[in-house]
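Structure assessment
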Amino acid sequence: QHTLEDPDLISRLGVATHELLENAVKHSSNGLTRVRIELHPEPRTISIRTWNRPTSEHLEILKQNLEEIARSPDPGAHYQLLMRRSAKRTVGSGLGLGRIRAEAEFVLRCETHGPEVEVIAECPVPGGT
């Protein structure tokens, strides 16, 4: 709280961290995951990073979901679409990444490093010294 000084950003950071970590743990093929939260000075941004080793199927689903989110011009409308789809799902909600983009207002991307995937969520931090 002393570093960010923005209750709304702190709340959004909590939502994004929870959703990313939940996905990383759920989709880890070996049961291991890592998380890192960083505050960058220039440009002033906050990033959340998770790493895990997903199955090839889960990696493809992750990439497809992130591409769909990135293509959507309206994160809120896209999240509404995901909620409608969720009503028809029998396993998982499929809402986590969309929630990070729409509610927490973080931009998402992923990078692969051999068998490991790194999911990155970033958001600008207003103000600061």
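Preceding this paragraph is the structure being described.
Everything numeric in this text was worked out from a predicted model, so none of it was measured. (Residues numbered from 1 in each chain as written. Predicted model: local features only at pLDDT ≥ 70, side-chain atom pairs only at ≥ 80, totals over all residues. Heavy atoms only, no water.)

**Some details on unusual backbone geometry**
- A cis amide bond links E42 with the next residue in sequence, P43, at an omega value of -15°.
- Looking at where P43 falls in the secondary structure, it is placed in the loop between strand 1 (33-40) and strand 2 (45-52).
- Positive phi, close to 65°, is recorded for E105, a residue that is not glycine. (Helix = DSSP H or I, 4+ residues; strand = E, 2+ residues; numbered from the N terminus.)

**Here's the deal with the nonpolar core**
- Judged by nonpolar contacts, the single largest core of 22 residues is most densely connected at L20, L97, I100, F106 and L108.
- Among the elements of the structure, helix 1 (7-26), strand 2, helix 2 (56-71), helix 4 (96-102) and strand 4 (116-124) are those that each provide at least two residues to this core.
- No other element matches the five residues that helix 1 contributes to this core.
- In this structure L20 touches I48, T50, L97, I100, L108, V119 and A121, once residues within four positions along its chain are discounted. (Core = buried A, V, L, I, M, F, W, Y, C linked by side-chain atoms within 4.5 Å. Buried < 20%, exposed > 50% of the residue type's maximum accessible area, 1.4 Å probe, protein only. Contact = heavy atoms within 4.5 Å.)

**A closer look at the pattern of salt bridges**
- Under the counting rule described, the total for this entry stands at 11 salt bridges.
- For D8, the salt bridge is made with R12, and the minimal N-O distance between the two is 3.0 Å. Separated by four residues within a single helix, D8 and R12 lie in helix 1, roughly one turn from each other.
- Residue classification places D8 among the partly exposed residues on the basis of a relative accessible area of 47%.
- Given a relative accessible area of 10%, R12 falls into the buried group.
- Residue R36 pairs with E38 through a salt bridge whose shortest N-O separation is 3.5 Å.
- What you see here is one network of salt bridges that share partners, running through R36, E38, R49 and E118. (Salt bridge = Lys/Arg side-chain N within 4 Å of Asp/Glu carboxyl O.)

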